[in-house]
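As a plain string of letters, each chain reads:
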Amino acid sequence: MTDKNQAIEKASSGAVREAARRPVYEPRVDIYEKKDALLVVMDTPGVEDKDIDIQLEQDVLTITAEQHVESMEGFTLMVRGAVPGVFKRSFTLNRDIDRERIEANLRNGVLHLVLPKTEKAQPRRIDVKAA
């Protein structure tokens, strides 16, 4: 193995070890339903919108977010309650979700994900006509 390959292997193995030390959290999620949509509400404290990745692959919706913890300049850390890490949750969507109209908003550390239902999945009233 060349010196260059050894350096690359050493650097990548260090990055893998560092990533393995960071915890992966499964955040609290509430799911609400109304006739035309589902609403997923997920706690993401300390996460900015740029640090959230939402992927839809086949029928699996995966939300990944990276939490950063700020260091306080001029202070010495005495107790750490917030540990930097990654939030991750996956959900299997059924065919009744309109994948093209999914929306996500982050407000005060809470992610709101609106999953609109397709027209055919929404309840409808059928009129009865006298014969």
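Residues numbered from 1 in each chain as written. Predicted model: local features only at pLDDT ≥ 70, side-chain atom pairs only at ≥ 80, totals over all residues. Heavy atoms only, no water.

(A) Main features of the pairing of strand β4 (residues 52–57). Taken together, the 6 bridges between β4 and strand β5 (residues 60–67) define a ladder with antiparallel strand orientation. By the bridge assignment, Asp 53 is partnered in β5 with Thr 64. Between the antiparallel neighbours β4 and β5 lie 2 residues, among them Gln 58 with a positive phi of about 60°. (Pairing = 2+ DSSP bridges. Helix = DSSP H or I, 4+ residues; strand = E, 2+ residues; numbered from the N terminus.)

(B) Summary view of the sheet that holds strand β1 (residues 24–25). Across the sheet, which stays open at both edges, the 4 strands sit in the order β1-β6-β5-β4 with mixed pairing between neighbours. In this open sheet, the two strands that pair with only one neighbour each are β1 and β4. As defined by bridge partners, β5 adjoins strand β6 (residues 85–92) across 8 bridges and the pair is classed as antiparallel. Paired with Glu 66 across the strands is Val 86, a residue of β6.

(C) Here's a closer look at the environment of Val 83. Assignment of secondary structure puts Val 83 in the loop between β5 and β6. Linking Val 83 and Pro 23, residues 60 residues apart in sequence, is a C-alpha distance of 8.0 Å. The contact partners of Val 83, leaving out residues within four places of it in the chain, are Pro 23, Tyr 25, Gln 67 and Val 69. (Contact = heavy atoms within 4.5 Å.)

(D) Quick look at unusual backbone geometry. Even without a glycine there, the phi angle at Gln 58 is positive, about 60°. Here Gln 58 lies in the loop between β4 and β5. Of note, the phi angle at Asn 108 is positive, near 55°, even though the residue is not glycine. When you line up the elements, Asn 108 lands in the loop between β7 (103–107) and β8 (110–116).

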